[in-house]
Amino acid sequence: MWRKAILGVGISLVGLYALFQVGYYATSYPTFCGSCHEVKPYVDSWKTSAHKNVNCLKCHQPAGELGKFQAKARGLNYVFQHFSGDYSVPTRATIFEQNCIECHLGDDKTQTNAIRLANTPKVNHYETIKNSLSCLECHRETGHAVDIMLSHDLKSAK
């Protein structure tokens with residue numbers, strides 16, 4: 001009896017995980033993100049940026065399988081905000097700078113054209129990282145020329 005229960009739970013978990021993966025990949029492209037009017041200006045701006053060939057989640061999702069769950073949980077919150085109109089908790093497009101570092105150190109083998117930190121003689125990026133300074137202090141508009149703090153929604157609300 002216990003074996004059947006454990007087997008049933010195991011099969012259910014595998015099935016749910018497979019279903020999650022299908023949903024994850026279906027909702028992880030800029031065209032999907034841009035289908036929401038709040039995000040459209042960012043996607044449009046991204047299309048002309050230096051990172052136009054980098055998927056949104058490369059920057060906006062923590063690494064690993066748990067990062068996928070975290071990103072999609074945030075996405076569900078954004079959907080809730082969109083349909084309910086309840087923006088009492090500000091929407092933040094979190095940047096996971098570890099992903100910037102991984103890519104620009106050359107550790108991310110899917111991004112072979114990324115400029116390497118070692119090849120930037122004007123700035124000591126290693127010192128910047130060591131001092132826990134944000135990449136966004138100098139590279140705020142790298143992914144988007146549109147700044148969330150100056151978005152059209154906030155301008156129109158004034």
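Engineer: What is the right way to read the overall build of the chain from this model?
Structural biologist: Check the secondary structure of the chain and you find nine helices and zero strands. Its C-alpha atoms give the chain a radius of gyration of 19 Å, more than 25% over the compact-globule value 15 Å for 158 residues. The dimensions of the chain, computed from C-alpha atoms along their principal axes, are 65 × 45 × 25 Å. By the burial criterion, 25% of the 158 residues in the chain qualify as buried. Taking all contacts inside the chain whose residues are at least 6 apart in sequence as the whole, residues at least 24 apart take part in 60%. When the accessible surface of the chain is totalled, it reaches about 11,600 Å², and 66% of it is carbon and sulfur. Of the side-chain charges in the chain, 17 are positive and 13 negative, and the distance between the mean point of each set is 6 Å.

Engineer: Is there a simple way to explain the environment of Ile-115 in this structure?
Structural biologist: By the secondary structure assignment, Ile-115 is in the loop between α6 (97-105) and α7 (125-130). Classification of Ile-115 as exposed rests on a relative accessible area of 60%. Between the C-alpha atom of Ile-115 and that of Leu-105, which follows or precedes it by ten residues, the distance is 8.3 Å. In this structure, Ile-115 is in contact with His-104 and Thr-120, ignoring residues within four places of it in sequence.

Engineer: Please clarify how the environment of Gln-111 should be interpreted in this entry.
Structural biologist: Within the element layout of this structure, Gln-111 appears in the loop between α6 and α7. Owing to a relative accessible area of 16%, Gln-111 belongs among the buried residues under this scheme. As a C-alpha pair, Gln-111 and Val-54 span 57 residues in sequence and 8.0 Å in three-dimensional space. Look past the residues within four positions of Gln-111 in its chain and what remains in contact with it is Asn-53, Val-54, Lys-58, Cys-103 and Arg-116.

What counts and how
- Residues numbered from 1 in each chain as written.
- Predicted model: local features only at pLDDT ≥ 70, side-chain atom pairs only at ≥ 80, totals over all residues.
- Heavy atoms only, no water.
- Helix = DSSP H or I, 4+ residues; strand = E, 2+ residues; numbered from the N terminus.
- Rg over C-alpha atoms; globule rule 2.2 N^0.38 Å.
- Buried < 20%, exposed > 50% of the residue type's maximum accessible area, 1.4 Å probe, protein only.
- Contact = heavy atoms within 4.5 Å.
- Areas by Shrake-Rupley, 256 points an atom, 1.4 Å probe, with all protein chains shown as cover.
- Lys, Arg positive; Asp, Glu negative; His and termini not counted.
- Charge placed at Lys NZ, Arg CZ, Asp CG, Glu CD.

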